[in-house]
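# Structural description and commentary
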Amino acid sequence: MPGVLKELGAIAIRFDSSVLDVGDAESLPDDVTIEPLTPGSRDGIAILRHSTSHVMAHAVKELFPEAKVAIGPSTEDGFYYDFDIEKPFTPEDLQRIEEKMKEIIDRDSPFVRKVLPRDEAIELFEKMGEPYKVEILREIEDDEVSIYEEGGFTDLCKGPHLPSTRYIRAFKLLSIAGAYWRGDEKRKMLQRIYGTAFEDRKKLKEYLNFLEEVKKRDHRRLGRELDLFSINEEIGPGLILWHPNGAIIRKTIEDFWREEHLRDDYKLLYTPHMAKLNLWEKSGHWDFYRENMYSPMEVEGADYEIKPMNCPFHIAIYKSALRSYRELPIRYAELGTVYRYERSGVLHGLFRVRGFTQDDAHIFCMEDQMEEEIKRVLDFTLFILKTFGFETYDIYLSTRPEKFVGTPDNWERSTNALKAALEHKGLAYEVDPGEGVFYGPKIDIKVKDSLGRPWQCSTIQVDFNIPERFDISYRGVDGREHQPIMIHRALMGSLERFFGILIEHYAGAFPLWLSPVQIGIITVAERHISYAEDVLKGLKNAGIRCEALFENEKVGYKVRHATVRKVPYLVIIGDREAESDKLTVRKRGGDNVGPYVLGDLITWIREEIESRSLTSRL
RNA sequence: GCCGGGGUAGCUCAGUCUGGUAGAGCAGCUGAUUCGUAAUCAGCAGGUCAGGGGUUCGAAUCCCCUCCUCGGCUCCA
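Everything in this summary refers to the structure shown in the same document. The structure displayed is predicted, hence computed values, not measured ones.

## Quick notes on empty space enclosed by the protein
A complete count under the given rule lists 1 cavity of 30 Å³ or more for this structure. By volume, the largest cavity amounts to about 50 Å³. Forming the walls of the largest cavity are Trp257, Arg258, Leu268, Leu269, Tyr270, Ala333, Glu334 and Leu335. Within the residue set of the lining of the largest cavity, elements represented by two or more residues are α8 (244-263) and β18 (330-339). Taken together, the residues of the lining of the largest cavity sort by class into 6 nonpolar, no polar and 2 charged.

Take a look at the structure:
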């Protein structure tokens, strides 16, 4: 049997839903069905990468015998292995390790599985001087454990593994990083080496190209190149300066957002950036969220706090009048700027900042309105996301965590409402058990960008905590006081992060409606300026954002200037245009279209802008 | 916050190992050129070498501290 499997290119097998070594096929009865796993399959590639991590650990042990091995799993797109070593690895070490790995792969040593009693394994790894393995073993409850040996390198491992090292055909070590043992910041910092492996060279090359593409799209780099935003050391880390080009995009997003919220019967609010500390004590943030809040400032003897969230303000507006069931649902929305303390090491461009604007809303409704409201929010969210070009998502439903407020009954009813809304909309979702926030269950939507990367943006959360703490109510049909359900939601999450995602999604080449400069006008020679000025005036009067490139430079220079700024359309004006009174347009990407008369061009362009089209209409 | 890499002109980077008068390209300014789809030529200007302290006759360069930044860990909109 193993011979046949080998011919099929199997590196492991699946039998009865468990994944085993190819060698295990021999011990199985003849009449069972086994599925060969190739390195190209989902499980197969994980095995390939896991085995590669073993080979890397082997190489490290040969080069640095004093290094202690910790853990080395496969990951979403590669693998890593953690080592405890005095002197951290250098990039040169990485090269040496790669060389050594190639040597080990060429040795073609088989991966050999051995099963032994746990106590014996503990003794073995103690003798080998591997304290991390011993620590893991002491926590394993099974009486027997498996180890894998390959060319003299033994590792505690469940497996399965490749038949031999020679099966590793394409791998690369990528980076070095510090990582806490067991992810616990109170424990020792180990040295982690990241790498990846693929079934063949071509796939590896593709992945490395993908990494290059990711680098090219980095919003921090494009943010500078396209003059969208900056972060200034003197002003402070994690605080964003929106330059004119970024600000016009933000304004366009905000206008769209407000317009659609009004259409969907939200009421818009504005609230202050700070409030008395007492408010935050009452809301519970001072107890539960303090580590993300800044120190209070004193104003005439009272402590004030810059806001990390908008909810208490919205509550205050809700409470500013006696509410009737007739008013519900009340939907309050605000582009609310909040400030949260983030540890210095986690800040990252627009993705992780200390001051940001949430597209926040709070919906107050009766319990029997909840499901309908959630459906409505889901529709609204997907519409907004789609407008920006996000059409695929991962949706998660997070249920009750161990520590929670409210009653289990409340939790169940609202979790069911969230679930029912998702199912009614036919949206596929995954349940994240116990991942809800302490105050209520939630739906999270992660959008997939043009490179297939997921980003957490939208969140819809039921909140049992705040209505209780602020004792909000409405008068029901029965004339008595009832507590409304409060739903907290954000669609884009934060404008800063969402902007960063958009930059990377479009690689800086925004659709026309979002582009800071929509049309660049290029003159061939000085004598064309007066005609070009007429064209500019016409386009500007039609509300189109234009840039005049009339300076005394060659056309090629000006085309390049506009192209690197990713201007969607260029109108080039020379003798031909001036004489015919028509315009040709150079599209982003280089195609020429036209000739058009100015009036038509304005019509098409406005249509493309107003429909928020993601593709060119020309 | 932690581990490691880094900070030199607006931007990208050389110079640091081996201490001895701060350099290039792009961008900017000035002039020439009047030109048809990704860079015309020439000239000029531009720096407390992140900040502070120390070693030295002398520090961008060596040492210490602080800040910022990058890759991760932990955490997260």
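Anyway, onward from the coordinates.
## Some words on the packing of aromatic side chains
According to the stated counting rule, one finds 26 aromatic pairs in the structure shown. Each ring, one from Phe388 and one from Phe498, has its centre 5.0 Å from the other, and the planes form 80°; the classification is edge-to-face. With a gap of 110 residues between them, Phe388 in the loop between α12 (370-387) and β20 (393-398) and Phe498 in helix α15 (residues 495-505) connect regions that are remote in the sequence. By the burial criterion, Phe388 is buried, and Phe498 matches it. Three or more aromatic residues link up through ring pairs in this structure, and these residues are Phe256, Phe383, Phe388, Phe390, Phe498 and Trp513. The cationic tip of Arg323 hangs over the ring face of Tyr318; the distance from NZ or CZ to the ring centre is 5.5 Å. The side chain of Arg400 reaches across the aromatic face of Phe404, ending 4.6 Å from its centre.

## A look at the layout of surface pockets
When its volume is computed, the largest pocket comes out at roughly 1,000 Å³. As for the largest pocket, its lining consists of 34 residues, of which Tyr289, Met309, Arg340, Gln358 and Gln461 are closest to the centre. The biggest single contributor to the lining of the largest pocket is strand β23 (residues 454-463), with 5 residues. Tallied by class, the residues present in the lining of the largest pocket amount to 14 nonpolar, 12 polar and 8 charged.

## Brief notes about the nonpolar core
Phe388 and Ile521 are the most contacted members of the largest nonpolar core, which has 85 residues in total. Broken down by element, the residue count for this core peaks at 8 residues, all from α12. Not counting chain neighbours up to four residues away, the residues in contact with Ile521 comprise Ala532, Val535, Leu536, Leu539, Cys546, Glu547, Ala548, Leu549, Phe550, Val571 and Ile573. Of all hydrophobic cores here, the second largest spans 39 residues; its members include Leu173, Ile193, Phe198 and Leu204.

## Some remarks on the pattern of salt bridges
Considering all chains together, one arrives at 49 salt bridges under this definition. In this structure, Glu126 engages Arg138 in a salt bridge whose closest nitrogen and oxygen atoms are separated by 2.8 Å. Pair noted here: Glu126 is in helix α4 (residues 118-127) and Arg138 is in helix α5 (residues 131-139), with a separation of 12 residues, a long-range link. Overall, Glu126 belongs to the partly exposed group, its relative accessible area being 42%. You can call Arg138 exposed: its relative accessible area is 51%. A salt bridge links Glu367 to Arg413; its shortest N-O distance comes to 2.3 Å. Residue Glu367 is found in the loop between β19 (355-365) and α12, and its partner Arg413 is found in helix α13 (residues 408-424); the two are separated by 46 residues along the sequence. By relative accessible area, Glu367 is classed as partly exposed at 35%. The network of salt bridges with shared partners includes Glu62, Lys100, Glu103 and Arg107.

## A few points about unusual backbone geometry
Here Leu328 and Pro329 are connected by a cis peptide whose omega angle stands at -5°. Along the chain, Pro329 falls in the loop between α11 (311-318) and β18. For Lys566, which is not glycine, the phi dihedral falls at a positive 60°. Among the residues examined, Lys566 registers a relative accessible area of 27% and is labelled partly exposed.

## Thoughts on the pairing of strand β17 (residues 302-306)
Examined bridge by bridge, strand β15 (residues 274-276) and β17 share 3 bridges and lie antiparallel to one another. By the bridge assignment for β17, Ala275 is matched with Glu305. Pairing of strand β16 (residues 297-299) with β17, which is carried by 3 bridges, proceeds in the antiparallel orientation. Bridge assignment links Glu298 to a residue of β17, and that residue is Asp303. Where β16 folds back onto β17 in an antiparallel hairpin, the turn is made up of 2 residues, including Glu300, whose phi is positive at roughly 45°.

## Details of the protein's contact with RNA strand B
In the region of RNA strand B, 49 residues are neighbours, and Tyr180, Ser344, Arg352, Asn552 and Arg560 sit closest. In the model, a base nitrogen of RNA strand B is placed 2.2 Å from a nitrogen or oxygen of the Arg560 side chain. The biggest single contributor to the surface near RNA strand B is helix α17 (residues 555-564), with 7 residues. Classifying every residue of the surface near RNA strand B by side-chain character gives 17 nonpolar, 14 polar and 18 charged.

About the cut-offs
- Residues numbered from 1 in each chain as written.
- Chains lettered and ligands numbered in written order.
- Predicted model: local features only at pLDDT ≥ 70, side-chain atom pairs only at ≥ 80, totals over all residues.
- Heavy atoms only, no water.
- 1 Å grid on protein atoms, 1.4 Å probe; cavity = no way out; pocket = protein on both sides within 12 Å on 5 of 7 lines; lining within 4 Å.
- Points joined across faces, edges and corners; volume = space filled by probe spheres on them.
- Helix = DSSP H or I, 4+ residues; strand = E, 2+ residues; numbered from the N terminus.
- Nonpolar A, V, L, I, M, F, W, Y, C, P; charged D, E, K, R; others polar.
- Phe/Tyr/Trp six-rings, centres within 6.5 Å; stacked < 30°, edge-to-face > 60°.
- Buried < 20%, exposed > 50% of the residue type's maximum accessible area, 1.4 Å probe, protein only.
- Lys NZ or Arg CZ within 6 Å of the ring centre and 35° of its normal.
- Core = buried A, V, L, I, M, F, W, Y, C linked by side-chain atoms within 4.5 Å.
- Contact = heavy atoms within 4.5 Å.
- Salt bridge = Lys/Arg side-chain N within 4 Å of Asp/Glu carboxyl O.
- Pairing = 2+ DSSP bridges.
- Near = heavy atom within 4 Å.
- Polar contact = N/O pair within 3.5 Å; in protein donor to acceptor, adjacent residues only side chain to side chain.

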